[in-house]
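Structure at a glance
Residue strings, one per chain:
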Amino acid sequence: MDARIVVLPGDGIGPEVTAEALRVLEAVARKGGHAFHFSEQLMGGCSIDRHGTALTAEALAACKASRAVLLGAVGGPKWDDPTAKVRPEQGLLALRKGLGVFANLRPVTVHPALIDSSPLKADRLQGVDILVIRELTGGLYFGQPKGRDVRDGHERAVDTLEYFDFEVRRVVELAFRLAQGRRRKVTSVDKANVLESSRLWRQVASAIGQAHPGVALDHMLVDTASMRLVVAPASFDVVVTENMFGDILTDEASVLAGSMGMLPSASLGDGGPGLYEPIHGSAPDIAGQGVANPVGTILSAAMMLRHSLGLPAEAGAVEAAVHRAIADGCRTKDLGGSLQTSRMTDEILRRL
Ligand code: NAD
């Protein structure tokens, strides 16, 4: 396997955690005789400082020409002014749009040895293994019209929740494909009792469900789903939902695992490069101290091996090495331990 991979370390702890994931990818390449060609580009605050924009056309072109993109995180207090014209998150939005990644995958599992780090009671967390898939390029965040005007003497703001059937179909089909390799259950989350867009979503999901008799399909209202995620998280397998519902539910689900530093994500489109990043931000409060947990980024690299590089056995080996390191008591500060970022990776590499 020969693949070009673009690395966007970003800001804060981003460069610290991406460096560790690269060590793991290099080890995978060495063991399997693969050639991964890494090239680094700027995105976020570091790009604003250098080029005056969060993502240059050249950096985006390099990402588009790659097999996969590994991202740390962007942002920080230096660029935090919400009224600024140029902001780090603009890089993220431009990148997602440029790569055409319409599905954001966030697996949430709770390691048995970390159950006590979670705010939920241990008995609720036994067997939690959820894959939340959030639609990423449509829905309430992108529907038109949106904006402000004055009507009947009052200031008015409008956002529009808009979906085309094909946008729902491609993300729900992905959910069914991925459910086939898991526990064969899809929960499609909507608000079909109120929203017309949700009724279209449900209609499309039902048709896809009929074409996949081997996978169970369940429709659930988003308010019920948000409650079930904390009351009975182990009852979910694959969850698929609209952009804003997914934004909220993925953050809710991430709390189950105990630390933000543990969880990976992947954003996928139609065969183009995938985008892989931990779910956490740039953590300016701990940047530069060498204490960040690299596991979320290392597991994101494992997702890259599985979804973009066609190396599922290697992906499983990385996940198993992380699992064993945690089971053996290896802990960074966020997990109540004292291992430095690179020492945590050493422990994972030793078990790979
Ligand atoms: P954050 O995720 O950066 O940090 C939240 C808390 O979790 C902090 O206490 C931090 O120290 C801790 N934490 C996060 N990742 C960790 C890790 N790997 N190991 C150990 N502890 C970790 O969220 P925030 O503080 O709300 O945001 C900080 C900056 O990151 C902001 O500028 C925000 O806009 C940006 N952000 C970027 C992304 C992204 O690039 N995708 C996502 C979220 C936030």
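Keep in mind the model is a prediction, meaning the values are calculated, not measured. (Residues numbered from 1 in each chain as written. Predicted model: local features only at pLDDT ≥ 70, side-chain atom pairs only at ≥ 80, totals over all residues. Heavy atoms only, no water.)

**Describing the site of the ligand**
- Taken together, 20 residues sit near the ligand, with V74, G281, A283, D285 and N293 positioned nearest.
- G76 is positioned such that a nitrogen or oxygen atom in its backbone is 3.0 Å from an oxygen atom of the ligand.
- Contact distances for the ligand include 2.7 Å between an oxygen atom and a backbone N or O atom of A283.
- When the ligand is considered free in solution it has 810 Å² of accessible area, and contact with the protein chains removes 68% of it. (Near = heavy atom within 4 Å. Polar contact = N/O pair within 3.5 Å; in protein donor to acceptor, adjacent residues only side chain to side chain. Areas by Shrake-Rupley, 256 points an atom, 1.4 Å probe, with all protein chains shown as cover.)

**Remarks on the sheet that holds strand β8 (residues 185–190)**
- Strand order in this open sheet of ten strands is β2-β1-β3-β12-β11-β4-β5-β10-β8-β9, and the pairing throughout is mixed. The open sheet terminates on both sides in strands that have one partner only, identified here as β2 (35–40) and β9 (216–221). Between one strand and the next, the sheet's axes are offset by a mean angle of 20°, whatever the strand orientation. (Pairing = 2+ DSSP bridges. Helix = DSSP H or I, 4+ residues; strand = E, 2+ residues; numbered from the N terminus. Axes fitted to C-alpha atoms, helices over the stretch in contact; angles between N-to-C directions.)

**Focus: the pattern of salt bridges**
- Here the structure, examined in full by the defined rule, presents 23 salt bridges.
- Residue R183 pairs with D237 through a salt bridge whose shortest N-O separation is 3.9 Å. A residue pair is termed long-range when its members are at least 10 positions apart, and R183 in the loop between α6 (165–180) and β8 and D237 in the loop between α8 (222–231) and β10 (238–241) qualify at 54 residues.
- We classify R183 as partly exposed; its relative accessible area is 41%.
- Judged by its relative accessible area of 1%, D237 is buried.
- Here E347 ties to R350 by a salt bridge, and the two come within 3.2 Å at their closest N and O atoms. Of this pair, E347 and R350 are both found in helix α12 (residues 341–350), three residues apart, which corresponds to roughly one turn of the helix. (Salt bridge = Lys/Arg side-chain N within 4 Å of Asp/Glu carboxyl O. Buried < 20%, exposed > 50% of the residue type's maximum accessible area, 1.4 Å probe, protein only.)

**Observations regarding the pairing of β8**
- Counting buried positions over the six residues of β8 gives five, a clear majority of the element.
- Sheet topology places β8 next to β9; six bridges connect them, and they run parallel. Across the sheet, S188 pairs through a bridge with H219, a residue of β9.
- You can see the chain leave β8, run along helix α7 (residues 196–210) and come back into β9, and the turn it takes is right-handed. (Right-handed = clockwise from strand over helix to strand, strands pointing away.)

**Quick word on the pairing of β10**
- Burial along β10 is two-sided: V238 and V240 and V239 and T241, pointing in opposite directions, are all buried.
- Here four bridges tie strand β5 (residues 129–135) to β10, and the two strands are oriented parallel to one another. Across the sheet, the residue bridging to L131 is V238, located in β10.
- Judged from the four bridges that link them, β8 and β10 form a sheet pairing that is parallel. Within the sheet, the bridge partner assigned to V186 lies in β10 and is V238.

**Observations regarding a nonpolar patch on the surface**
- A cluster of nonpolar residues, L93, Y141 and F142, forms a patch on the protein surface that exposes about 270 Å² of accessible area.
- Its place among the elements puts Y141 in the loop between β5 and β6 (143–151).
- Looking at Y141, the relative accessible area reads 32%, which means it is partly exposed. (Patch = residues over 30% accessible without salt bridge, like charges linked within 9 Å, V, L, I, M, F, W, Y side chains within 5 Å.)

**Observations regarding unusual backbone geometry**
- Q144 connects to P145 through a cis peptide bond whose omega is 5°.
- With respect to the helices, strands and loops of the structure, P145 is situated in strand β6.
- If you check the backbone angles, D152 has positive phi at about 50° while not being a glycine.
- Along the chain, D152 turns up in the loop between β6 and β7 (154–160).
- According to the relative accessible area criterion, D152 is exposed, its value standing at 72%.
- Even without glycine at this site, R184 takes up a positive phi of about 60°.
- Overall, R184 belongs to the partly exposed group, its relative accessible area being 40%.

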